[in-house]
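Spelled out from the first residue to the last, the chains are:
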Amino acid sequence: MNKILLKPKITIFIFDSGVGGISIYNQIKKKFPEIYFIYLLDNQFFPYGIKSKNCIFKRCIKILKKVSYQYHFSLAIIACNTASVSSIPMIQNYFSFPIIGVTPVIKYSINKTNNGVIGIVATKTTLEHYSIKKKIKYFSKNYIIETISSKKLVLLAEDKIQGFNISLKKIKKIFNPWYKLKIFPDTIILGCTHFPLIIDELKETLPKNIKFLDSKIDIISKIQKIITNHKFLFSIQKNFILYTKYTLKIVKIKKYLLNQGFNFFKKFKIK
Ligand code: DGL
């Protein structure tokens with residue numbers, strides 16, 4: 001008798017404070033079109049980037065607990081640099097499903113720079129985290145590493161997705177400290193998942209020929225590894241968005257998100 005091979009359907013639970021995780025979601029979807037997604041937009045707790053790492057860690061635990069009680073999924077992705085640096089790897093001890101995160105690709109950037117000056121733009125909480133500080137210190141022996149933390153850039157990305165025109169002048173002002181440097185970074189790490197959403201505006205504003213590196217570089221290989229090493233039995237087979245607070249912003253971004261392949265929206269209370 002012929003064996004019936006059932007191709008397991010995989011659902012990924014992915015979350016961020018806002019729309020930033022969509023930049024990660026789009027990459028995964030492109031690579032693995034057969035995967036289903038539950039995307040949680042934690043807009044009630046937005047922004048993450050100015051909150052303490054302990055506060056973010058507790059929030060991540062709450063989110064993963066509550067969503068995993070209610071929905072079956074195969075693995076979770078913390079599609080936010082701030083939440084990932086604040087919770088990974090410790091958070092894995094609390095859950096049986098695999099959890100992966102995204103962090104600024106500092107090591108990867110050293111092979112990309114020609115002028116030896118690397119810029120990192122991320123949130124305050126990410127840049128102040130000891131693991132990031134340690135990496136910066138280590139690579140600063142041989143490279144110049146400049147950092148900018150910016151909440152404004154996160155807000156500009158959220159504005160763009162709501163359909164607002166965003167001001168290039170405002171972007172330029174954020175990067176002002178780098179214009180005062182002897183050498184402008186030729187490689188910029190986008191250490192926040194919101195920033196790839198405004199890549200066109202960044203390219204238009206900043207000097208030409210800059211290499212922009214974001215965290216999606218290693219996420220695909222992490223997912224691939226998990227998919228090959230785990231057996232997934234059952235998961236919910238739908239693409240949908242959960243949001244934690246009903247606001248005008250949710251109304252405004254709905255159309256954009258539905259265009260990204262999600263079928264419906266639902267309020268999901270965390271507290
Ligand atoms: N998208 C988040 C990140 O990658 C930050 C946004 C926020 O500050 O909430 O760090």
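Relevant structure appears above.
Worth saying up front: this structure is predicted, and the values here are computed from it rather than measured. (Residues numbered from 1 in each chain as written. Predicted model: local features only at pLDDT ≥ 70, side-chain atom pairs only at ≥ 80, totals over all residues. Heavy atoms only, no water.)

(A) Seen up close, the sheet that holds strand β4 (residues 99–101). Sheet architecture is open: 6 strands sit in the order β4-β3-β1-β2-β9-β10, paired in parallel fashion. Two strands in the sheet have a free side with no partner beyond their single neighbour: β4 and β10 (264–267). Mean inter-strand twist for the sheet, computed between neighbouring axes without regard to direction, equals 20°. In this sheet, strand β3 (residues 75–78) lies alongside strand β1 (residues 11–16) in parallel orientation, the contact comprising 4 bridges. Across the sheet, the residue bridging to I12 is L75, located in β3. On top of the sheet, helix α1 (residues 21–31) reaches β1, β2 (36–41) and β3; it is set at about 155° to β1, its chief contact. Sitting on the sheet, helix α12 (residues 248–259) is in contact with β2, β9 (240–243) and β10, with an inclination near 145° to β10. (Pairing = 2+ DSSP bridges. Helix = DSSP H or I, 4+ residues; strand = E, 2+ residues; numbered from the N terminus. Axes fitted to C-alpha atoms, helices over the stretch in contact; angles between N-to-C directions. Contact = heavy atoms within 4.5 Å.)

(B) Expanded view of the site of the ligand. Of all residues adjacent to the ligand, which total 14 residues, the nearest are S17, Y48, G49, N81 and T82. Between the ligand and the protein, one listed contact pairs an oxygen atom with a side-chain N or O atom of S17 at 2.6 Å. Within the side chain of H194, a nitrogen or oxygen atom sits 2.8 Å from a nitrogen atom of the ligand. In the complex, 99% of the free accessible area of the ligand, which totals 300 Å², lies under the protein chains. Residues belonging to the shell around the ligand are distributed by class as follows: 6 nonpolar, 7 polar and 1 charged. (Near = heavy atom within 4 Å. Polar contact = N/O pair within 3.5 Å; in protein donor to acceptor, adjacent residues only side chain to side chain. Areas by Shrake-Rupley, 256 points an atom, 1.4 Å probe, with all protein chains shown as cover. Nonpolar A, V, L, I, M, F, W, Y, C, P; charged D, E, K, R; others polar.)

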